[in-house]
Amino acid sequence: MRFRHPDGSTVHLAYCTNVHPAETLDGVLAQLRDHCEPVRRRLGRDRLGIGLWLAADAARTLDSDPAALRTLRAELDRRGLEVVTLNGFPYEGFGAEEVKYRVYKPDWADPERLEHTTALARVLAGLLPGDVTEGSISTLPLAWRTAHDAGRTEKALRTLAERLDALQELTGRSLRVGLEPEPGCVVETTRDALAPLTAIAHPRIGICVDTCHLATSFEDPHTAVDALTTAGVTIVKSQLSAALHAEHPHLPEVRTALAAFDEPRFLHQTRTATAAGLRGTDDLGEALGGEALPDGGPWRAHFHVPLHAAPAAPLTSTLPVLKDTLTRLVGGPHPLTRHLEVETYTWQALPPELRPRARTQLADGIAAELTLARDLLTGLGLKELP
């Protein structure tokens, strides 16, 4: 979906396909048929943006086989879909029964992360619509906090920037990569991103602002965005998402409600703001299981809840943080980013009674999320384009 900003520039809105498990090119093609095109039809649009997640196997196939890339591009066109952004964070196995800490491997000290991201950039250059010259890729925020080689990581990112420069010279397409701060990682907050990104100081390497992660870490959107712009950090894209919020986690009924979201597939890092600073656990079960986390103030958990459907009381979502962030990013005289991506990958991890039971229900839910995002954008003065 495309929108015209009051300054005349185009802002793109997509939804991320990491909600649909696929490891191979055949799986990606099936996604387009079974999920993405039905979402487009529900929205009554001739064209729908999708943020592709390409697992390592699919990315290698597309990067090494020009015919395979042409096939994907033709299928996108045939189904009324377009791609200006990729989710390069998960490497593989994102649809596995247990993902947890595996999603942070390989990290940016591992040469495989550089090669994978370079392949994604080459693939995206070949997928961009004919009238679009700028693409974006979100990526791992360096590493999980327990293992990090800062020297190798900085060298890898500098090499990536050089490769992206060379790719633009070759193709005429400008590709940018954004570190996506996430609780528990070396770069947990936007503030943590400032030092490594200003050290590299290259406009092609910036940040992806995920509004669920921002909220989970209790960051103020305006303070965070102001710090990024003051430091000259490029906001490559923003993922529109909402975290789980518990206002009174000391109450037994709140603990019971939270426990329904403690599931085995993904990590749900949980945080609370205290007078001594941010406190947290790696997973929701750890927070619920003892006294690891103070419960005198609100808790927020890294669980991407559907944008249009906040959990039932006594829980809610951090949708207000998303709204404030979006206002700051695109509600001013000029957009601070032009790539927006709804990223609710946890539909099948919701409590059983809230999960979609069929493809049609999932398509309805994704379309409802995009409708909410569209309404927020038009409410900020952007005009939806055909």
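What comes next is a walk through the structure.

This paragraph deals with the overall build of the protein. In terms of regular secondary structure, the protein is built from twelve helices and 15 strands. Taken against the 2.2 N^0.38 rule, which gives 21 Å for 386 residues, the C-alpha radius of gyration of the protein at 20 Å falls within 12% of a compact globule. If one aligns the C-alpha atoms of the protein with their principal axes, the spans along those axes are about 60 × 50 × 45 Å. For the protein, with 386 residues in total, the buried portion stands at 59%. Of the contacts made within the protein by residues no fewer than 6 positions apart, 80% connect residues no fewer than 24 positions apart. Within the structure as shown, the protein displays about 14700 Å² of accessible surface, and the carbon and sulfur contribution to it stands at 51%. On the protein, the mean spot of the 41 positive side-chain charges and the mean spot of the 51 negative ones are 5 Å from each other.

What follows covers the nonpolar core. Counting residues in hydrophobic clusters, the biggest one holds 112 residues, and the most contacted among them are L13, Y15, L54, L72 and L370. Discounting residues that sit within four places of it in the chain, L54 has contacts with V28, A59, L62, L86, N87, H116, L120 and V123.

As for its position among the elements, S238 is in strand β8 (residues 235-240). Counting along the chain gives 103 residues from S238 to E341, while the straight-line C-alpha distance between them is 6.3 Å.

The final tally for this structure, using the stated rule, is 27 salt bridges. We note a salt bridge from R255 to D295, for which the minimum N-O separation is 3.0 Å. Of this pair, R255 sits in helix α9 (residues 252-259) while D295 sits in the loop between α10 (284-288) and β12 (299-305), placing them 40 residues apart in sequence. Residue class for R255 comes out buried when judged on its relative accessible area of 19%.

Relative to the helices and strands, T189 is located in the loop between β6 (174-179) and α6 (190-200). Those residues in contact with T189 that lie beyond four places of it in its chain are P181, S217 and E219.

Attention now moves to the packing of helix α2 (residues 56-64) against helix α3 (residues 66-78). Axis separation between α2 and α3 bottoms out at 5 Å; the angle between their running directions is 110°. Between α2 and α3, the angle is such that the two are roughly perpendicular. Here T61, L62 and S64 of α2 lie close against α3, whose contacting residues are P66, A68, L69 and L72. Looking at the contact of α2 with α3, its residues break down into five nonpolar, two polar and no charged.

How each quantity is defined
Residues numbered from 1 in each chain as written. Predicted model: local features only at pLDDT ≥ 70, side-chain atom pairs only at ≥ 80, totals over all residues. Heavy atoms only, no water. Helix = DSSP H or I, 4+ residues; strand = E, 2+ residues; numbered from the N terminus. Rg over C-alpha atoms; globule rule 2.2 N^0.38 Å. Buried < 20%, exposed > 50% of the residue type's maximum accessible area, 1.4 Å probe, protein only. Contact = heavy atoms within 4.5 Å. Areas by Shrake-Rupley, 256 points an atom, 1.4 Å probe, with all protein chains shown as cover. Lys, Arg positive; Asp, Glu negative; His and termini not counted. Charge placed at Lys NZ, Arg CZ, Asp CG, Glu CD. Core = buried A, V, L, I, M, F, W, Y, C linked by side-chain atoms within 4.5 Å. Salt bridge = Lys/Arg side-chain N within 4 Å of Asp/Glu carboxyl O. Axes fitted to C-alpha atoms, helices over the stretch in contact; angles between N-to-C directions. Parallel < 35°, antiparallel > 145°, perpendicular 65-115°, else oblique. Nonpolar A, V, L, I, M, F, W, Y, C, P; charged D, E, K, R; others polar.

These results come straight from atomic positions and should not be treated as a statement about function.
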